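Each chain, letter by letter, is given below.
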Amino acid sequence: MLKTKQYDEITQIMMGRELGGTVLYWTSAYLVDGLLIDTGCAYTASELITYLEGRKVDQVVNTHHHEDHIGANALIRKEHNPEIYAHPSALPLINKRLPLREYQEMAWGYPEPSTVQAVPERIITTHHEFAVLETPGHSSDHISLFEAKKGWLFSGDLFVSEQYKALRADENIEMIIASLEKILALPPETITLFTSIGRVFPNGKKAIRNFLDYLHGLRQEIARLAATSMTAVEIRDRIFGRESQLAALTGEHFAVLNLVEQLMPEE
Ligand SMILES: [Zn+2]
C-alpha cells in the first residue's frame, strides 16, 4: 500500500506491505525537487514506480542499507535512470543480497541488489542544497540530509520517538546520542524532522532534547539499580514491567533488554 502526504513542497510517500487488509509497518520516503530520499521495501517497489510515473526523479539517496530503504532502487534506475547515492560503506551491502531475519522477510522482503555511488558532501537540486551528515548509530552507514535554509532534516531511522524503548541488537546507543547531539548543534533553532517511520516533528530539536533527557534519566535509574547488584533483566522488568512485544515479533532483534544492557554502567 502507498499513500502520500504533502508538507510544504515535500511529498511524504508512506509505503508498507499489506497483509490481510492491514499494513504491517509503514516506511516513509520523501520526494522533494527531484530528489527521492529512500525507496521503501521490495514489496512496495512497483507501487512506488507507478506513483513516480511522470514525476521528476533526478537523484536518489538511501539513508542507509536496510532493506526497507533500498527496495525500489533497481526498478527506479530502470525507469528514471537517476544517480543513486549512499554512504561509501553501504555500497557493498546494497550491491548484494543480504540475509534477512524471518520478520524482515515477512515485512519487507529481499531488495533486488543495485549499484549505487558514494554520496557527495552536498546534494544540489534545482532549488535546494542538502548537506549530507554522517549520523551513525542505527547503522554505521547511516546518513541524514539537511537543507539549512528551510531547516529540513531527513533523519532516516536515526530518530523514532521521544521515548524510544526497544533497541535493535546491532544499534549503538552511544553513537545515536552523538549523532543527535550533532543535529542539536546545527545553527537553526527550528528544524523540521522528517523520519522514516513516518512521524514529522515540526520542532525537531525539542523532540531530540526530550529523547536525550529521557535517556539520561533512564541511564541514571539503571546505574542506581545496577549498584544494588541487579542484573540487566531484573532492571528491565523493574523499570518497564516486561519485555516489549516487538521482541517476540522480531526474534529478540528489537528488545528493551538491548537498550538496558547498553545503558548499564561499565563494570
Ligand atoms: Zn533501518
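Now for a description of the structure that goes with this document.

What counts and how
Residues numbered from 1 in each chain as written. Predicted model: local features only at pLDDT ≥ 70, side-chain atom pairs only at ≥ 80, totals over all residues. Heavy atoms only, no water. Helix = DSSP H or I, 4+ residues; strand = E, 2+ residues; numbered from the N terminus. Rg over C-alpha atoms; globule rule 2.2 N^0.38 Å. Buried < 20%, exposed > 50% of the residue type's maximum accessible area, 1.4 Å probe, protein only. Contact = heavy atoms within 4.5 Å. Areas by Shrake-Rupley, 256 points an atom, 1.4 Å probe, with all protein chains shown as cover. Axes fitted to C-alpha atoms, helices over the stretch in contact; angles between N-to-C directions. Left-handed = near helix turned anticlockwise from the far one by under 90°. Nonpolar A, V, L, I, M, F, W, Y, C, P; charged D, E, K, R; others polar. Parallel < 35°, antiparallel > 145°, perpendicular 65-115°, else oblique. Salt bridge = Lys/Arg side-chain N within 4 Å of Asp/Glu carboxyl O. 1 Å grid on protein atoms, 1.4 Å probe; cavity = no way out; pocket = protein on both sides within 12 Å on 5 of 7 lines; lining within 4 Å. Points joined across faces, edges and corners; volume = space filled by probe spheres on them.

**A short note on the overall build of the protein chain**
Part 1: When its secondary structure is counted, the protein chain shows nine helices and 17 strands.
Part 2: Relative to the compact-globule value of 18 Å for 267 residues, the protein chain shows a C-alpha radius of gyration of 19 Å, a close match.
Part 3: The buried share of the protein chain, taken over its 267 residues, is 55%.
Part 4: Taking all contacts inside the protein chain whose residues are at least 6 apart in sequence as the whole, residues at least 24 apart take part in 62%.
Part 5: Accessible surface, the protein chain: about 12,300 Å² in total, of which carbon and sulfur atoms supply 50%.

**Remarks on the environment of Arg199**
Part 1: With respect to the secondary-structure elements, Arg199 resides in the loop between strand E15 (192-195) and strand E16 (200-201).
Part 2: When the C-alpha atoms of Arg199 and Asn62 are compared, they prove to be 18 Å apart, with 137 residues separating the residues in sequence.
Part 3: Aside from chain neighbours lying at most four places away, what touches Arg199 is Tyr30, Val160, Ser161, Glu162, Leu193 and Phe194.

**Section: the packing of helix H5 (residues 173-184) against helix H6 (residues 204-226)**
Part 1: Contact pair H5 / H6: the axes reach a minimum separation of 10 Å and the direction vectors enclose 145°. Here H5 and H6 pass one another in a crossing that is left-handed. Residues Ile173, Glu174, Ile176, Ile177, Leu180, Glu181, Ile183 and Leu184 of H5 pack against Lys205, Ile208, Arg209, Phe211, Leu212, Leu215 and Arg219 of H6.
Part 2: Considering only residue class, the contact of H5 with H6 consists of ten nonpolar, no polar and five charged.

**Let's talk about the packing of H6 against helix H9 (residues 256-263)**
Part 1: The N-to-C vectors of H6 and H9 enclose an angle of 75°; their axes lie 9 Å apart at closest approach. The orientation of H6 relative to H9 falls into the category roughly perpendicular. Residue-level contacts link Tyr214, Leu215, Leu218, Arg219 and Ile222 of H6 to Leu259, Val260 and Leu263 of H9.
Part 2: Looking at the contact of H6 with H9 residue by residue, the classes come out as seven nonpolar, no polar and one charged.

**What about the pattern of salt bridges?**
Part 1: Within this structure, the stated rule accounts for ten salt bridges.
Part 2: For Asp58, the salt bridge is made with Lys56, and the minimal N-O distance between the two is 3.1 Å.

**Quick word on the layout of surface pockets**
Part 1: Volume-wise, the largest pocket comes out at about 580 Å³.
Part 2: What lines the largest pocket is a set of 24 residues, and nearest its centre among them are Tyr25, Trp108, Leu246, Thr250 and Phe254.
Part 3: When residues of the lining of the largest pocket are traced back to their parent elements, those giving at least two are helix H4 (102-107) and helix H8 (245-249).
Part 4: Broken down by element, the residue count for the lining of the largest pocket peaks at three residues, all from H4.
Part 5: Split into classes, the residues belonging to the lining of the largest pocket amount to 14 nonpolar, five polar and five charged.
Part 6: Empty space within the second largest pocket amounts to approximately 220 Å³.
Part 7: Around the second largest pocket, the lining is made up of 19 residues, and of these His65, Glu67, Leu98, Pro99 and Leu100 lie nearest the centre.
Part 8: A class-by-class count of the residues in the lining of the second largest pocket yields eight nonpolar, four polar and seven charged.

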